Structure formats: C-alpha cells, structure tokens
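Each chain is listed here by its residues.
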Amino acid sequence: MRRRHQGRGELRNKHPPPPNPHPHNPPPNMFRIDQPITARGGPMPPTTDHLHAFIAGLPKAELHVHHVGSASPRIVSELAARHPDSKVPTDPEALVDYFTFTDFAHFIDVYLSVVDLIRTPEDVRLLTYEVARDLARQQVRYAELTITPFSSTRRGIDERAFMEAIEDARKAAESEFGTVLRWCFDIPGEAGLEAAEETVRLATDDRVRPEGLVSFGLGGPEIGVPRPQFTPYFDRAIAAGLHSVPHAGETTGPETVWDALTHLRAERIGHGTSSFRDPELLAHLAEHRIPLEVCPTSNIATRAVRTLDEHPIKEFVKAGIVVTINSDDPPMFGTDLNSEYAVAARLLELDEEGLARLAKNAVDASFLDEPGKTRIKDEIDTYTATWLAP
Ligand SMILES: Nc1ncnc2c1ncn2[C@@H]1O[C@H](CCC(=O)c2cccc(C(=O)O)c2)[C@@H](O)[C@H]1O
Ligand SMILES: [Zn+2]
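What counts as what
- Residues numbered from 1 in each chain as written.
- Chains lettered and ligands numbered in written order.
- Predicted model: local features only at pLDDT ≥ 70, side-chain atom pairs only at ≥ 80, totals over all residues.
- Heavy atoms only, no water.
- Donors = N, O, S within 2.8 Å, 3.2 Å for Na, K, Ca; no water.
- Helix = DSSP H or I, 4+ residues; strand = E, 2+ residues; numbered from the N terminus.
- Buried < 20%, exposed > 50% of the residue type's maximum accessible area, 1.4 Å probe, protein only.
- Pairing = 2+ DSSP bridges.
- Contact = heavy atoms within 4.5 Å.
- Axes fitted to C-alpha atoms, helices over the stretch in contact; angles between N-to-C directions.
- Near = heavy atom within 4 Å.
- Polar contact = N/O pair within 3.5 Å; in protein donor to acceptor, adjacent residues only side chain to side chain.
- Areas by Shrake-Rupley, 256 points an atom, 1.4 Å probe, with all protein chains shown as cover.
- Nonpolar A, V, L, I, M, F, W, Y, C, P; charged D, E, K, R; others polar.
- UniProt positions renumbered as here; feature names shortened; annotations may be inferred.
- Phe/Tyr/Trp six-rings, centres within 6.5 Å; stacked < 30°, edge-to-face > 60°.

1. Considerations on the coordination of the zinc ion (ligand 2)
- Coordination of the zinc ion (ligand 2) by the protein comes from His64 (NE2), His66 (NE2), His247 (NE2) and Asp328 (OD), over a distance range of 2.1 to 2.3 Å.
- Between consecutive donors of the zinc ion (ligand 2), the numbers of intervening residues give the motif H-x1-H-x180-H-x80-D. Taken as a pair, histidine 64 in strand 1 (residues 60–66) and aspartate 328 in the loop between strand 9 (323–325) and helix 15 (337–348) lie far apart in primary sequence, 264 residues in all. For the pair shown, histidine 64 and aspartate 328 are each scored as buried.

2. Details of the sheet that holds strand 2 (residues 140–147)
- What the five strands build is an open sheet, ordered 1-2-3-4-5; its pairing is parallel. A strand with exactly one partner marks an edge of an open sheet, and here the two such strands are strand 1 and strand 5 (243–244).
- In terms of strand pairing, strand 3 (residues 180–188) meets strand 4 (residues 213–219) through six bridges, oriented parallel. From the neighbouring strand, aspartate 186 faces strand 4, where its bridge partner is glycine 217.
- Strands strand 1 and strand 2 of the sheet are contacted by helix 15, whose axis makes an angle of about 105 degrees with strand 1.

3. A look at the site of ligand 1
- Surrounding ligand 1, one finds 22 residues, the nearest of these being Thr148, Ser151, Arg154, Asp186 and Asp328.
- Between ligand 1 and threonine 148 there is a distance of 2.5 Å, counted from an oxygen atom to a side-chain nitrogen or oxygen.
- For ligand 1, a nitrogen atom lies 3.5 Å from a polar atom in the side chain of histidine 271.
- Compared with its free state, where it exposes 620 Å², ligand 1 has 95% of that area covered by protein.
- Of all elements in the fold, only helix 5 (104–115) and strand 3 reach the threshold of two or more residues within the shell around ligand 1.
- With five residues, the top contributor of residues to the shell around ligand 1 is helix 5.
- Residues that form the shell around ligand 1 fall into these classes: eight nonpolar, seven polar and seven charged.

4. Here's the deal with the UniProt feature "domain: Adenosine deaminase" (unreviewed entry) in the protein chain
- Mapped onto the present numbering, the UniProt feature "domain: Adenosine deaminase" (unreviewed entry) falls on residues 59–382.
- Secondary structure content for residues 59–382 is 50% helix and 14% strand, and the end C-alpha separation is 10 Å.

5. Here's the deal with the packing of aromatic side chains
- Taken as a whole and assessed by the stated rule, the structure comprises 11 aromatic pairs.
- Between phenylalanine 101 and phenylalanine 333, the aromatic rings sit 6.1 Å apart at their centres with planes inclined by 85 degrees, giving edge-to-face as the arrangement. Residue phenylalanine 101 is located in the loop between helix 4 (92–98) and helix 5, and its partner phenylalanine 333 is located in the loop between strand 9 and helix 15; the two are separated by 232 residues in the primary sequence. For the residue pair phenylalanine 101 and phenylalanine 333, the accessibility class agrees, reading buried in each case.
- Here phenylalanine 104 and phenylalanine 107 contribute two aromatic rings whose centre-to-centre distance is 5.6 Å and whose plane-to-plane angle is 55 degrees, an arrangement assigned as tilted. Pair noted here: phenylalanine 104 and phenylalanine 107 are both in helix 5, with a separation of three residues, about one helical turn.
- For phenylalanine 104, a relative accessible area of 12% translates into the label buried.
- With a relative accessible area of 6%, phenylalanine 107 lands in the buried category.

Written out as structure tokens, the structure is:
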C-alpha cells in the first residue's frame, strides 16, 4: 500500500533542503500526491522541485525510445509543411490534440501518418540528429533508438541512403553532443513475414547493416500478431550477433511475454506490462534478471493501463525485477525521459539514491561495451554524491 509522504523524513534524504521559508505551502520536498495526473500534458507528476532538479542533471541511458516516435512537434510540423498532402497538422499546438489517442490502434494510425512524412534521406538525417539533441538536453549519455527500416524502405527511401543518414547523424551526435547512439531494428509485426524478412536482411547483410546496430525487436500491435511466427527471423538476427528485445505484454497478456522469452529468446522485454498478472512470470523475470523496459506514460496514453497509480511498476520492483525507465514515443505521449523518471520517483517513492539506481539499471541492461558502462555509472555516482554532499 503506498504511504503518503509526510515530509523530509519520508524521503530518507540525508541532507534535506533548507527549511521552507513559506510555511503555508508544503515543504519543497514533500510529495503532493493529491494532484490529478493526466498522460497528456497534464500537470507534471507531483515530484518535488528538488527531485526534478536532481533528475534534470542526472546522467541517464534510455533503452526503449522510437526513432519516428521521438520526432518533436517542431520537426513534425516542419515535415508536415513540406508535404501538404499529409493529414498531420503543421501547427505544433494542433499536434497536441492530434497526439491524443482513443486506443492502441488509433495510436498506430497516427504513428504511421508521421512515418509517411519521412520521405527522403535528408528527412531521416534531420530527424535522427534532432532526436539526439533532445536526448542530450536531458543528460542522456547513451540511447538505443528503435528504428523500423522496413517502414522507410517500403515507402521508397533507398536502403543504403537510409543507413548512411542514420549513421551520419549518430556520429555527429556523438562528437557534438557527447551522446552515444546505438540502433535497434524492429519488425512492424502487423506487416507480417514480408516485413520480418526485409528487416532481418537489412540487419544482417554486411553490405547494408549499419555499424551502430546492436539489437533486433518486434513492434506494432500485439493483438492478432503471435510472436512464435517470428522465431526464424530472430534466430538469424541472434546468429548475426544482435540482441533480442521484442515488445511484449503491452496490449496482450503474460503469455505474449512467455512467447517472447521462449521463442524469440528475449534478453529484455519491451513494456512487459501484463507480467504482473502471472506470479510465475514475475519470478522468472527476476530470477533470470531479464530487464523490463517500462514506459509508464506510454501505457496510459495508449490506454494499456488506466491510470499511473494503477501501473504495475511497483509490483515489478517488489518482485525483484530489473526495471528500466523509458519514454517510448515522448512527444506523442506529451512526456520526456526526465518526466518519466519523475513519475517513477512518485510511484516508487524514490529519493536521489533510488533514482540513481534506476539510471544505473538502464546502463547495466544496455548493450554498450563495459568501459562505456563503467564511465556512465561512475558519472552517475559522482553526480549523486556531489548533489547530496552537505
Ligand atoms: N509503444 C509501442 N508499441 C508498439 N510499437 C510501437 C510503439 N511505439 C512505437 N512503435 C512503432 O510503431 C510501429 C508500428 C508500425 C506498424 O504497426 C505497421 C503496420 C503495418 C504496416 C506498417 C508499415 O510501415 O508499412 C507498419 C513500429 O515501427 C514500432 O516500432
Ligand atoms: Zn515501444
């Protein structure tokens, strides 16, 4: 049962902020959990300003964030203006309403209307570079960006030009922002085995596969898209040295997560939200330290979960599962990674050290090389120690 924070002592903060100069308002570090939270542009989660400031400067890694899904309102409206035939609004304000979804199928329709805006290699490079800039602004040192190359090549973008565009943006982002990007190529499952074949070819043919590719996923609707059919494609991707990270249990039950584990040999699970309904699955995920890529606000925006307070993230932590925090499609869901950490702080009742642990979970669960992991974790520890120093 979630306790209401009564004040400083509850935050286990060794060095609480100075006494509140305005006794009539709640102390700065007090969780005000009476505020309604909406997934779409509602008030920021009632995490304290103190923790918000900590999160903003905390070095982070993001493992579950989509390429097209991260296109900022500015980028989307700029691309929409280039393509007047598109139904996507050209006004960033109108985009907020456009990015309000009645259900998951509606989300996919809107998502694909944005995919339709990405028509040239220049569009791809601009999008990728700007996404990296937005990540860097949130102190993201490392991100595994999920890209669906099939959706772009089938819309006429040349595959080699596509790979050149993302690689060019990746190298520019690393040298200009210090943000390391790696790619996950995912199969849009609803597009079936044709999409699976094309995706695994692009991911394993040394003549096209990009240097930054580390993992292989499966996205799109889960309903009516059973996971076992994709086993041969995941086998080929794994044989080529890629890590398996399919979405599962986002809009279907725990059996889809089991399928992702047993048939697709998942090393991490995208969402895994419905796992809480199967105690055996929770125990398996914990025992085999299979991380969940938890995207709290995404689950609300796509109606996979009714309210944040009902999100099963607490059950995952209680079961001993490795939980990572991610934003999925941040502008589409009216959020960003920092806001997702603030949501996690509220739902899990975390202080700075708890938030630093979450950030290190993501680094440990990433496919970055060991020296890179050590570097980011050391930075997280130094930042946290400096923040908490008297
Ligand atoms: N939370 C999410 N959960 C699941 N997926 C998510 C999530 N966020 C983003 N995605 C992405 O949505 C796309 C869906 C694309 C798709 O379904 C589709 C169907 C038929 C044809 C085509 C086409 O391209 O012709 C595409 C995937 O690329 C996936 O990476
Ligand atoms: Zn996703």
